[in-house]
Amino acid sequence: MAPPGRGDRHRKHVTGGEALVSEPVDTLEGWYVLHDFRRLNWPAWQGLGSEARATAEAAWRQWWQQEGPQRSAEAGSSAAFAIVGHKADVMFLHFRRRLDDLYEVEHGLDRVGRQLWEQVWSYLSVVELSGYLARGGADHPEVQRRLFPAMPHHRYVCFYPMNKRRQGNDNWYRLSREERAQLMRGHGEVGRRYAGQVLQIITGSQGLDDWEWGVTLFADDPLVFKKLVYEMRFDETSARYADFGPFWVGMRLDDEWWQPWSLR
Ligand code: 76R
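Residues numbered from 1 in each chain as written. Predicted model: local features only at pLDDT ≥ 70, side-chain atom pairs only at ≥ 80, totals over all residues. Heavy atoms only, no water.

Okay, the overall build of the protein next. Within the protein, the secondary structure is distributed over 8 helices and 11 strands. In terms of overall dimensions, the protein has C-alpha extents of about 70 × 35 × 35 Å along its principal axes. Here the protein, with 264 residues, has 45% of them falling under the buried criterion. Once local pairs closer than 6 in sequence are excluded, the contacts in the protein between residues at least 24 apart make up 77%. (Helix = DSSP H or I, 4+ residues; strand = E, 2+ residues; numbered from the N terminus. Buried < 20%, exposed > 50% of the residue type's maximum accessible area, 1.4 Å probe, protein only. Contact = heavy atoms within 4.5 Å.)

Printed below as a string of structure tokens:
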């Protein structure tokens, strides 16, 4: 549903002779989100005495008690996942009300525990709902629930950034709003075949990070990621108009997320 005024503003723009190529879509924004990828500096960690390691673990525990799953749902939440493969050891996923709060939690980990968790990558974005398909207004409870989701509890996570293509005849941003809405309907139909098996959180990062969207999928069976993403590839929205960044797959860590690396 277009917010009041948008149509008028757009028309004015067009008659002014400097038409936008096509009408943007209205979006609603929720949590600020940071995907924070870390690697344990293993030589430094092993080089510490057992007392220093215990001190570091106590500091991580304290940081996580303050910032982790125990936080109020109102203020946001955090989860930790062990990344499979070489790209990182841990992915922290943080949902917060404000950008400032993300900065706080990100650097909270650096301030404690001797900077042993080196940041290897990160991704900044905001939970986004676009207005292509009918949805309630911003104050509708279902819309609020999707803008400010609770941290999903599934065992596995899959994250990747993506762009919509801007290339020759395959330029998403030159399609009319109606054409884009039509394509998004097809996209949603494929997605809905996975209802109950996968939960997706789409975050927008235009102007915030190097790609345009972050896709975060949660499931209890990692094979669902492969099936869904493969099937999506054949849908025109992805086949023709999408480019993808690196994929990160992990599994949820318990509250004491550093335990797999503990030397005790
Ligand atoms: O209610 C809804 O949000 C349903 C419609 C819907 C939108 C608007 C939807 C459904 N998505 C939407 C928007 Mn999606 N999605 C992706 C990817 O790997 C790929 O090929 C693409 C990555 C996956 C796997 C996926 C899954 N989606 C978006 C947008 C914003 C586009 C824009 O605004 O231009 C992106 C970038 C994107 C990408 N999508 C679904 C899914 C699934 C599983 C669903 C069904 C969800 C459900 O009904 O529960």
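Next comes the rest of the write-up.
What follows deals with the coordination of the manganese atom of the ligand. Of the protein atoms, H187 (NE2) alone serves as a donor to the manganese atom of the ligand, at 2.2 Å. Relative to the elements of secondary structure, H187 occurs in helix α6 (residues 177-192). (Donors = N, O, S within 2.8 Å, 3.2 Å for Na, K, Ca; no water.)

With that settled, consider helix α3 (residues 50-67). A rise of 1.5 Å per residue sets the reference length of α3, with its 18 residues, at 26 Å; its end C-alpha atoms lie 25 Å apart and thus fit the reference within 8%. Among all positions in α3, only A52, R53, A56, E57, A59, W60, W63, W64 and E67 are buried. Taken end-on, α3 shows its buried residues confined to a sector of 160 degrees, consistent with a single buried face. Opposite its buried face, α3 presents the exposed residues S50, E51, Q62 and Q66, each directed more than 90 degrees away. Buried residues along α3 sit against β1 (27-40), α2 (42-47), β2 (76-83), β3 (90-96), α4 (99-111) and β4 (117-130). (Expected span 1.5 Å × (residues − 1). Arc of directions from axis to C-beta.)

Here the focus is the pattern of salt bridges. Two side chains with opposite charge may pair up if their charged atoms get near one another. Counted according to the given criterion, the structure contains 16 salt bridges. Residues participating in the shared-partner salt-bridge network are D26, R135 and R177. (Salt bridge = Lys/Arg side-chain N within 4 Å of Asp/Glu carboxyl O.)

Near the ligand, the surroundings consist of 23 residues, among which R146, Y160, H187, Q200 and S238 are the closest. Side-chain polar atom of Y160 to an oxygen atom of the ligand: 2.6 Å apart, as the coordinates give it. Put simply, the parts of the chain that give the shell around the ligand at least two residues each are β4, β5 (156-164), α6, β8 (198-204), β9 (213-219) and α7 (223-234). At 5 residues, the largest contribution of residues to the shell around the ligand is made by α6. Residues belonging to the shell around the ligand are distributed by class as follows: 12 nonpolar, 6 polar and 5 charged. (Near = heavy atom within 4 Å. Polar contact = N/O pair within 3.5 Å; in protein donor to acceptor, adjacent residues only side chain to side chain. Nonpolar A, V, L, I, M, F, W, Y, C, P; charged D, E, K, R; others polar.)

Attention shifts here to the packing of aromatic side chains. If you walk through the whole model with that rule in mind, you get 26 aromatic pairs. A centroid spacing of 5.3 Å and a plane angle of 90 degrees characterise the contact between W63 and F92, whose relative ring orientation is edge-to-face. One end of the pair, W63, is in helix α3; the other, F92, is in strand β3, with 29 residues separating them in the sequence. By the burial criterion, W63 is buried, and F92 matches it. A ring pair is formed by F81 and F218, whose centres lie 6.4 Å apart and whose planes are at 50 degrees; its orientation type is tilted. Here the residue F81 occupies a position in strand β2, and F218 occupies one in strand β9, the gap between them amounting to 137 residues. Take F81 and F218: they sit in the same class, and that class is buried. The side chain of K87 reaches across the aromatic face of W248, ending 5.7 Å from its centre. Against the face of F244 rests R233, its NZ or CZ located 3.9 Å from the ring centre. (Phe/Tyr/Trp six-rings, centres within 6.5 Å; stacked < 30°, edge-to-face > 60°. Lys NZ or Arg CZ within 6 Å of the ring centre and 35° of its normal.)

End to end, α6 covers 22 Å across 16 residues, agreeing with the expected 22 Å (1.5 Å per residue, within 8%). Within α6, burial applies to R177, R180, A181, L183, M184, G188 and V190.

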